[in-house]
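Notes for the structure review
Next come the chains, spelled out residue by residue.
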Amino acid sequence: MNWPKLSEEELQMLEDLAAVFFTEKQCAIVLEQEEKAFVAAATSPISPIYRAYHKGRLKAIYEVRKNAFAMARNGSSPAQSFVEKLLQDYEFQKTVDQT
């Protein structure tokens, strides 16, 4: 497929934008890319744009979860509830993925 070509600097910027939960369309605007082609690339698992976008998003989620687990271990009741919900969601998702 003929994806938009992004430099390493632009891919890093995309990762940074995704880490603060910009949408694919918002990223296209900031990176001055044609929206339709960019969004198509961002939704195709074989595209470097897809990988950079999801890498940034997942790294941000990782940081939030890591902090929540640390706070839960230190006795934060809201964090403990959040972690319990994460674990339930994880178990549910594993079940769905196996079917």
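Residues numbered from 1 in each chain as written. Predicted model: local features only at pLDDT ≥ 70, side-chain atom pairs only at ≥ 80, totals over all residues. Heavy atoms only, no water.

Focus: the nonpolar core
Formed by 15 residues in total, the largest nonpolar core has its most connected members in L6, L14, C27, L31, F38 and I49. For this core, the secondary structure elements donating two or more residues are α1 (8–19), α2 (24–30), α3 (35–42) and α4 (48–73). Top element by residues in this core is α1. It accounts for four residues. Sequence-distant contacts of L14, that is, excluding residues within four places in its chain, are made with L6, C27, L31, F38, I49, A52 and Y53. (Core = buried A, V, L, I, M, F, W, Y, C linked by side-chain atoms within 4.5 Å. Buried < 20%, exposed > 50% of the residue type's maximum accessible area, 1.4 Å probe, protein only. Helix = DSSP H or I, 4+ residues; strand = E, 2+ residues; numbered from the N terminus. Contact = heavy atoms within 4.5 Å.)

A word on the pattern of salt bridges
Per the stated rule, a full pass over the model turns up three salt bridges. In this structure, D89 engages K85 in a salt bridge whose closest nitrogen and oxygen atoms are separated by 3.0 Å. One end of the pair, D89, and the other, K85, are both in helix α5 (residues 77–98), four residues apart, so they sit about a helical turn from each other. Assessed through its relative accessible area of 37%, D89 is described here as partly exposed. (Salt bridge = Lys/Arg side-chain N within 4 Å of Asp/Glu carboxyl O.)

With respect to α3
Of the positions making up α3, those classed as buried are F38, A41 and A42. When α3 is viewed along its axis, its buried side chains cluster within an angular range of 100 degrees and face the same direction. Structurally, α3 contributes buried residues whose contacts are with α1, α2 and α4. (Arc of directions from axis to C-beta.)

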